[in-house]
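The lines below spell out each chain.
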Amino acid sequence: MTQRVSKLLCIAVAMAATSVAAVAQRPSPSEAQALLQARPELATQVRQRLMTSGMSADQVRQRLRAEGYPENFLDAYLPGGAGNGAAPTSDIVTALERLGISSNDDATVMRTMLRQQPAAANRDASPAVVTVRDDVERTAEQEKASYALFGLSLFRNATSEFIPVMDGPVGPDYRLGPGDELVLILTGEVELAHTLPITREGFIVIPQVGQLSVANLTMSQLEDLLYERLARSYSGVRRGADARTKFSVSVSRLRAIQVFVTGDVARPSSYRVASTATAMTALYAAGGPTEEGTFRAVTVRRGGAVVATVDLYDYLLKGERGSDRRLENGDIVFVGPHGPRVRVTGEVIRPATYELRAGEGVRDALVSAGGFRPTAVTSRVLLTRLVPPAERGVGGQDRVVIDVAAGASGGIASYPSLPLTGGDELRALPISDRVRGRVSVLGHVWNAGSQGFRTGLKLSDALRQAGGLKPDAYLGQVSITRLRPDSTRIQLRTALRDTTGQAANDLLLQEDDEITVFSLTEFRPDRYVAIGGSVRRSGQYPWREGMTLRDLVLSAGGLRAGAYLREAEVARVPEDRRGGHTAVTLRVPLDSSYIGDYVAGVPYPGPLGEATAGSRSTAEVALQPYDNVLIMQQPDWETPRSVVLTGEVRFPGRYTLVSKTETLSDLVKRAGGFTPAAAVDAAYFGRQTAATSFRRGVEMDSTQTVSFERSRVGLALGRAMRQRGSTDDLVLINGDSLDVPSRRSTVEIRGAVNAPTVITHEGKRIGYYIRASGGGALNGSERRAYVIQPNGKIQARQRLFWLIPLDPKPREGATVVVPVEADNSQNVQRIALTVQIVAQTLASIATVLVLLR
């Protein structure tokens, strides 16, 4: 029975945990929006996948609901959605995969992009790992580019801002109209220049010639008309080189026309453009087609009829105007919905999403993508095709893969004109990464790396081509790793006779062999010596054969002032480690030569050893690997210490301590005592405390800086002066300070009181002063109030046997502080949550007991 109850209790707890975890399995709408903020640079790819999926927005939402996702999970990426450039996390990639919008390969690539590390990490990776990572990143970049609509960036570029051209020159086929302005210049027998605006009626007026109707004339037709009319007034005007009067006519100012750009464009509206503008000019002004607009069939309508159909790919792929038509006033440039689109990805020059015209197939898509890269397999491409809706079955039969092979002649021209449909994906495959015909020489040679392989190549030949061995190369063995046909490797080895690279067994190499030459330096352990104590730079230093104690002292920057120059201690690795011995110590002699020329004319502080300054009376001490040297400091040596005395004393200032036992009363006596106005009991005594924390077992480095904080020490200065040697008569240390203020007959009340103030000292207890400041505030804790006495000592309110109050009495110059009541709201919430959990657990146990009965 007991076991059954235990099992039921475990089931109840598991059910409760499962119910809590189930809530987090599917994201809520708010969590879905948060997921869309992770990687902004991938947003376009998700949007393009949805656009090329062949499903409408409603169908996508229905599939999401069927898979257990919120309907608006992908609304930011659907056409017309309020996307803010957010990009997917792995959850959104999984959703696309489960909806059949992304294939397994696409999902793998996207997850790889989400997991990409910073490029700086490649510096620490091995060459093989870097190569694999570069291939993955290159593939991810190609996949990212293939989801971009080809040609869309041309109109989204900030540098493509449309600026209308309102002046000439114009071509001979330019057709004149009202609003244009001409300049006529005659030279020869007659020197004249006329500015001729074309009136609204379409004519110009030339002085001494008359009125000419020029509306709808081209520039070449105008020139013919001028030859005829000017010859009537100027006899020298004729065609040919013998003309005595010549003329030239040009357009000095173009008229503006109004055109309308509508349909799927970024900014549909009416635009005023120059009369020389074409359909491409109007599209630039309107921001180009949207992602839903066509690039292959932009129509120009005039008077209700289509006068031109412009294919923007002629301009984008070939740099040709093609069917780009010059616009006239009132023309309509219409961009309709796009036609079928296919993705071209992989090893092509321009991976992107392309729009196809009727009848275009695999060959045309490859040409639009710029052809194959040098690293592409040109004999075949893979076509992933959406099965027509009428032919789709159940169970994931919506996509098929078709292998499209090139013809016998090879190249793009040999591919069949297999028609493509919307949603198709054309992938150019990469060639193998395998590099043939090489061997690698690694390790301790002058020119390590790969080199070409040839039949009959021997080990000595490969070492010679790598520049030969370095002087410290290990001759005992050279390793050759050989690749077998089944991709396993076998290890071979041989020895070298000398540093010329001549092998004892000059092996015949095979393709893909990897030769490794080792170094004697790599085999040697890192041997060092250490020094600490009274030197300038403590630490470890590399050990060199023949190294002496003097060399180590010089490497450490020399000795500090006050170093003990009679002897030093050296800890050395013992020859016999039995008994748990880890080191043996020995004392070695020093002399004054270790300090060099200390300071000219300044004697060295302390004993110099046996020799006179500058001489070397002791033998050099040879060091062994892993020696630890301790340079001791002279006993009782330190630099002069000082303290600061300010305030109401006769002679304030900075005083140097004369002994290590000098006390506070001694210092005041040296300063001449107090002035009559001194508030002795309100003196402020400060002492510096080190703020640096050290880890246990870590020695402080000589270059480490220690910060200090000044803290007040509460003491009774009056008692220290009366009772010398008492606990208040402190022994002074370096950096101490004493400030004796003037007498104050006030008490300050601050903190959580209604009216913080300063009042005169009345000799009352703490409660009196709190009431004098208006009492404690709503958030004030009067029971925790305390007094800071003038001498720095703190006294709190107490009760004897929880009944009798023992309130402190502030003295002159004291401060009364009422602290803020602690905020217990978080504790209350925590207690409430705990009670709720306990109640739920008890309810579950009660349910189990009822079921048992």
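This one's a predicted model, so the numbers in the text were calculated from it and none came from an experiment.

Right, let's talk about the overall build of the protein for a bit. Within the protein one finds 19 helices and 37 strands. Per-residue burial over the protein gives 37% buried out of 853 residues. Surface exposure of the protein reaches about 47600 Å², of which carbon and sulfur atoms provide 53%.

Inspection of the sheet shows strand β23 (residues 567-572) paired to strand β24 (residues 584-589) by six bridges, in the antiparallel sense. The partner of Ala568 across the bridge, within β24, is Val588.

The description of two aromatic rings rests on the distance between their centres and on the angle between their planes. This model, assessed by the stated rule, comprises 11 aromatic pairs. Plain terms: the ring middles of Phe155 and Tyr284 are 5.3 Å apart, the flat faces sit at 45 degrees to each other, and that makes the pair tilted. Remark: Tyr284 occurs in helix α10 (residues 279-285) and Phe155 occurs in helix α8 (residues 152-156); sequence separation between them is 129 residues. Residue classification places Tyr284 among the buried positions, given a relative accessible area of 19%. Measuring from centroid to centroid gives 5.3 Å for Tyr474 and Phe523, while their planes differ by 80 degrees, and the two rings are edge-to-face. Of this pair, Tyr474 sits in strand β18 (residues 473-483) while Phe523 sits in helix α14 (residues 520-523), placing them 49 residues apart in sequence. Overall, Tyr474 belongs to the partly exposed group, its relative accessible area being 30%. By the ring-pair criterion, three or more aromatic residues cluster together here, those being Phe150, Tyr313 and Tyr354. Here the basic side chain of Arg550 rests over the ring of Tyr594, its NZ or CZ set 4.2 Å away from the ring centre.

A separate point is a nonpolar patch on the surface. Where nonpolar side chains cluster on the molecular surface, the patch consists of Leu800, Phe801, Leu803, Ile804 and Leu806 and spans about 530 Å² of accessible area. Relative to the helices and strands, Ile804 is located in strand β36 (residues 804-806). Residue Ile804 is classed as partly exposed on the basis of its relative accessible area of 45%.

With that settled, consider the pattern of salt bridges. Opposite charge on two side chains lets them pair, provided their charged atoms get close. Within this structure, the stated rule accounts for 32 salt bridges. Between Asp311 and Arg296 there is a salt bridge, with the nearest N and O atoms lying 2.8 Å from each other. Here Asp311 is found in the loop between β9 (305-310) and α11 (312-318), whereas its partner Arg296 is found in the loop between α10 and β8 (298-302), with 15 residues between them in sequence. Like Arg296, Asp311 is buried. Put simply, Asp576 and Arg578 hold a salt bridge, and the shortest N to O gap is 3.0 Å.

Here β8 runs beside β9; their pairing, made up of five bridges, is antiparallel. When the bridges of β9 are listed, Arg302 appears paired with Ala305. In this antiparallel pair of consecutive strands, β8 and β9, the connection spans two residues, and Gly303 shows a positive phi of 65 degrees. Relative to strand β10 (residues 332-335), β8 runs antiparallel, the two sharing three bridges. Within β10, the residue paired with Val300 across the bridge is Val333.

This paragraph deals with the sheet that holds strand β11 (residues 341-346). Across the sheet, which stays open at both edges, the five strands sit in the order β12-β11-β15-β13-β14 with mixed pairing between neighbours. Of all the strands in the sheet, just β12 (352-355) and β14 (399-405) have a single pairing partner and so form its edges. Averaged over all pairs of adjacent strands, the angle between their axes in this sheet comes to 25 degrees, without regard to strand direction. Here β11 pairs with β12 via four bridges, running antiparallel. Paired with Val342 across the bridge in β12 is Tyr354.

Strand order in the open sheet formed by three strands is β2-β1-β5, with antiparallel pairing between adjacent strands. With partners counted over all chains shown, the strands left at the sheet margins are β2 (192-197) and β5 (245-253), one partner each. Sheet twist, expressed as the average angle between the axes of neighbouring strands with direction ignored, equals 20 degrees. Note that strand β1 (residues 181-188) and β5 share eight bridges and pair antiparallel. Pairing of Leu186 across the sheet is with Phe247, part of β5. Together, β1 and β5 form the strand contacts of helix α9 (residues 219-233), whose direction differs from that of β5 by roughly 140 degrees.

Right, let's talk about unusual backbone geometry for a bit. The residue Gln208 is not glycine, and still its phi comes out positive at about 65 degrees. Among the secondary structure elements, Gln208 is positioned in the loop between β3 (203-206) and β4 (210-213). Although it is not a glycine, Asn216 sits at a positive phi angle of roughly 70 degrees. Relative to the assigned elements, Asn216 resides in the loop between β4 and α9. We classify Asn216 as exposed; its relative accessible area is 53%.

Moving on, we come to the side chain of Ser460. Along the chain, Ser460 falls in helix α13 (residues 459-465). A polar side-chain atom of Ser460 sits 2.6 Å from a polar atom in the side chain of Asp506. Beyond its immediate stretch of four places on either side in the chain, Ser460 contacts Gly501 and Asp506.

This brings us to the nonpolar core. Counting 47 residues, the largest nonpolar core has Val261, Leu283, Leu312, Val344, Val362 and Leu426 as the members making the most contacts within it. At six residues, α10 tops the list of elements feeding residues into this core.

Turning next to the environment of Gly330. Residue position: Gly330 is located in the loop between α11 and β10. Given the relative accessible area of 37%, Gly330 is considered partly exposed. Along the backbone, Gly330 and Ser270 are 60 residues apart, and their C-alpha atoms lie at a distance of 9.4 Å. Leaving out residues up to four positions away in the same chain, Gly330 has contacts with Gln258 and Phe260.

Over its 15 residues, α9 extends 21 Å from the first C-alpha to the last, a length consistent with the 21 Å expected when each residue adds 1.5 Å. Among all positions of α9, only Met219, Leu222, Leu226, Arg229 and Leu230 are buried. On the buried face of α9, the contacting elements are β1, β3, β4 and β5.

Here we come to the environment of Gln397. Checked against the element boundaries, Gln397 lands in the loop between β13 (376-386) and β14. What makes Gln397 partly exposed here is its relative accessible area of 48%. When residues no more than four places from it in sequence are discounted, the contact partners of Gln397 are Val387 and Arg392.

What counts as what
Residues numbered from 1 in each chain as written. Predicted model: local features only at pLDDT ≥ 70, side-chain atom pairs only at ≥ 80, totals over all residues. Heavy atoms only, no water. Helix = DSSP H or I, 4+ residues; strand = E, 2+ residues; numbered from the N terminus. Buried < 20%, exposed > 50% of the residue type's maximum accessible area, 1.4 Å probe, protein only. Areas by Shrake-Rupley, 256 points an atom, 1.4 Å probe, with all protein chains shown as cover. Pairing = 2+ DSSP bridges. Phe/Tyr/Trp six-rings, centres within 6.5 Å; stacked < 30°, edge-to-face > 60°. Lys NZ or Arg CZ within 6 Å of the ring centre and 35° of its normal. Patch = residues over 30% accessible without salt bridge, like charges linked within 9 Å, V, L, I, M, F, W, Y side chains within 5 Å. Salt bridge = Lys/Arg side-chain N within 4 Å of Asp/Glu carboxyl O. Axes fitted to C-alpha atoms, helices over the stretch in contact; angles between N-to-C directions. Contact = heavy atoms within 4.5 Å. Polar contact = N/O pair within 3.5 Å; in protein donor to acceptor, adjacent residues only side chain to side chain. Core = buried A, V, L, I, M, F, W, Y, C linked by side-chain atoms within 4.5 Å. Expected span 1.5 Å × (residues − 1).

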